[in-house]
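Commentary on secondary and tertiary structure
Residues per chain are reported as follows:
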Amino acid sequence: MSRKKIVAGNWKMNMTPSEAVALIETLKPLVANDEVDVVFCVPAIDIIPAQEAAKGTNIQIGAENLYFEEKGAYTGEISPAMLVDAGVKYVIIGHSERREYFAETNETVNKKVKKAFEHGLTPIICCGESLTQREQGITIDWIRQQIKIAFLDVTAEQAKTAVVAYEPIWAIGTGKTATSDQAEEVCAAIRACIGEIYDEATAAAIRIQYGGSVNGGNAAELFAKPDIDGGLVGGASLKPDFGAIVNYNK
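Because the structure is a prediction, the values reported are computed rather than measured.

This paragraph deals with the overall build of the chain. From N to C terminus, the chain includes 12 helices and 8 strands. Taking 18 Å as the expected radius of gyration for a compact globule of 250 residues, we find that the chain reaches 17 Å, a close match to that expectation. A principal-axis box enclosing the C-alpha atoms of the chain has dimensions of 45 × 45 × 35 Å. A total of 250 residues make up the chain; the buried ones form 53% of that total. By sequence separation, contacts in the chain at least 24 residues apart represent 74% of the contacts at least 6 residues apart. On the chain, roughly 10,800 Å² of surface is accessible, and the fraction owed to carbon and sulfur atoms is 54%.

Before going further, it helps to spend a moment on helix H9 (residues 180-197). Between the first and last C-alpha of H9 there are 26 Å, a value that for 18 residues agrees with the 26 Å anticipated at 1.5 Å per step. Taken together, the buried positions of H9 are Ser180, Ala183, Glu184, Val186, Cys187, Ala189, Ile190, Arg191, Cys193, Ile194 and Gly195.

What follows concerns the pairing of strand E5 (residues 122-127). For E5, the buried fraction is high: 6 of the 6 residues fall into the buried class. Alternating positions in E5 separate into two faces, Thr122, Ile124 and Cys126 on one and Pro123, Ile125 and Cys127 on the other, with burial throughout. With 4 bridges joining them, strand E4 (residues 90-93) and E5 adopt parallel strand pairing. Bridge assignment links tyrosine 90 to a residue of E5, and that residue is threonine 122.

What follows deals with the side chain of glutamate 167. Mapped onto the elements of the fold, glutamate 167 is located in the loop between strand E6 (163-166) and H9. Within the buried set, glutamate 167 has no salt-bridge partner at all; the shortest N-O distance to an opposite charge, 6.1 Å, is to lysine 12. At 2.9 Å, the side chain of glutamate 167 forms a polar contact with the side chain of histidine 95. When residues no more than four places from it in sequence are discounted, the contact partners of glutamate 167 are His95, Cys127, Gly128, Glu129, Ile172, Gly211, Gly212 and Leu232.

Bringing the pattern of salt bridges into the picture now. On inspection of all chains with the given rule, the structure shows 18 salt bridges. Between lysine 28 and glutamate 25 there is a salt bridge whose closest N-O contact spans 3.2 Å. Residue glutamate 25 is classed as partly exposed on the basis of its relative accessible area, which comes to 43%. Taken together, the salt bridges that share partners define one network made up of Arg3, Arg191, Asp227 and Asp229.

Attention now goes to the sheet that holds strand E3 (residues 59-63). Strand order in the closed barrel made by the 8 strands is E1-E2-E3-E4-E5-E6-E7-E8, with parallel pairing throughout. Neighbouring strand axes in the sheet, compared pairwise and without regard to direction, differ in orientation by 30° on average. Two elements, E5 and E6, share 4 bridges in a ladder whose sense is parallel. Within E6, the residue paired with isoleucine 124 across the bridge is valine 163.

Attention now goes to the nonpolar core. The biggest cluster of nonpolar side chains holds 65 residues, and the ones touching the most others in it are Phe40, Phe151 and Phe242. The element best represented in this core is H9, accounting for 6 residues. The contacts of phenylalanine 151, once residues within four sequence positions are left out, are Asn110, Ile125, Ala159, Ala162, Val164, Ile194, Ile197, Tyr198 and Ile206. Counting residues in each nonpolar core, the second largest holds 11 residues, with Val39, Ile92, Ile124 and Leu232 among its members.

Alternating residues of strand E8 (residues 230-233) divide into Gly230 and Leu232 and Gly231 and Val233, and every residue in both groups is buried. Inspection of the sheet shows strand E1 (residues 5-10) paired to E8 by 4 bridges, in the parallel sense. Within E8, the position partnered with valine 7 by the bridge is glycine 231. Bridge analysis of strand E7 (residues 207-211) against E8 gives 2 bridges, and the strand direction is parallel. Among the inter-strand pairings, glycine 211 is bridged to a residue of E8, identified as leucine 232.

Attention shifts here to helix H1 (residues 17-27). Within the span of H1, buried status applies to Ala20, Leu23, Ile24 and Leu27. Looking straight down H1, one finds its buried side chains confined to an arc of 100°; they lie on one side. Tucked into the core, H1 has its buried residues touching strand E2 (36-42), helix H2 (47-54), E3 and helix H12 (241-246).

Another point: the packing of helix H7 (residues 139-150) against H9. It is at 10 Å that the axes of H7 and H9 come closest, and there the two elements cross at 45°. Relative to H9, the element H7 is oriented oblique. Both H7 and H9 take part in a crossing whose hand is right-handed. Contacts between H7 and H9 involve Thr139, Ile140, Ile143, Arg144, Ile147 and Lys148 from the first element and Glu185, Val186, Ala189, Ile190, Cys193, Ile194, Glu196 and Ile197 from the second. When grouped by side-chain class, the residues that make up the contact of H7 with H9 number 9 nonpolar, 1 polar and 4 charged.

Conventions adopted
Residues numbered from 1 in each chain as written. Predicted model: local features only at pLDDT ≥ 70, side-chain atom pairs only at ≥ 80, totals over all residues. Heavy atoms only, no water. Helix = DSSP H or I, 4+ residues; strand = E, 2+ residues; numbered from the N terminus. Rg over C-alpha atoms; globule rule 2.2 N^0.38 Å. Buried < 20%, exposed > 50% of the residue type's maximum accessible area, 1.4 Å probe, protein only. Contact = heavy atoms within 4.5 Å. Areas by Shrake-Rupley, 256 points an atom, 1.4 Å probe, with all protein chains shown as cover. Expected span 1.5 Å × (residues − 1). Pairing = 2+ DSSP bridges. Lys, Arg positive; Asp, Glu negative; His and termini not counted. Salt bridge = Lys/Arg side-chain N within 4 Å of Asp/Glu carboxyl O. Polar contact = N/O pair within 3.5 Å; in protein donor to acceptor, adjacent residues only side chain to side chain. Axes fitted to C-alpha atoms, helices over the stretch in contact; angles between N-to-C directions. Core = buried A, V, L, I, M, F, W, Y, C linked by side-chain atoms within 4.5 Å. Arc of directions from axis to C-beta. Parallel < 35°, antiparallel > 145°, perpendicular 65-115°, else oblique. Left-handed = near helix turned anticlockwise from the far one by under 90°. Nonpolar A, V, L, I, M, F, W, Y, C, P; charged D, E, K, R; others polar.

This is the structure:
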């Protein structure tokens, strides 16, 4: 099965609404590639102006987070219905920064994943190990645990449409990149884990991204690996270099 590559930018806490519009105007011509799904996951306050700026292009707008309740007394949180109404299609769930700074757990990630599916949103489910975990040889065990709990009570039909982003924490924003072989090893293990939870067809359908210092220089080599279906891109998504990542095949 040939899976369409997906390259998503994670803007993190960057770009005011006016800066977001200016950046999209700059990037529009650079990210034109219909062979790749292009997603900009932007801060909540930027979603609506970003949608307007991206109209008529191949850019889809995603969110960086959601809450697992429909509505209510959750000051500062954003519901899935709000995202849907704003035209969002994708939402990042369980990024390592959310886990580290905002106490997200495998269990809250699972709640958010189920809630995203309930509303027809495509979750980009993040997993990854720390440097200590890699040095202690528990990377695959750790990732399998994250994946198994994230997909608890998720149907095979839903899982097929999900995106998983493997981001080794030691490679995020550090300039260090996992080698393409290291990245492929873990992405293949994630696909095998999905196959165990569901079946071969689901494992073959799910898209798995690599994230962690992806740039225009290393994207082609990473994306050539059989189990890597694109990238979740941090810093480089805010620069013209993002165009080179999206057009890795040109």
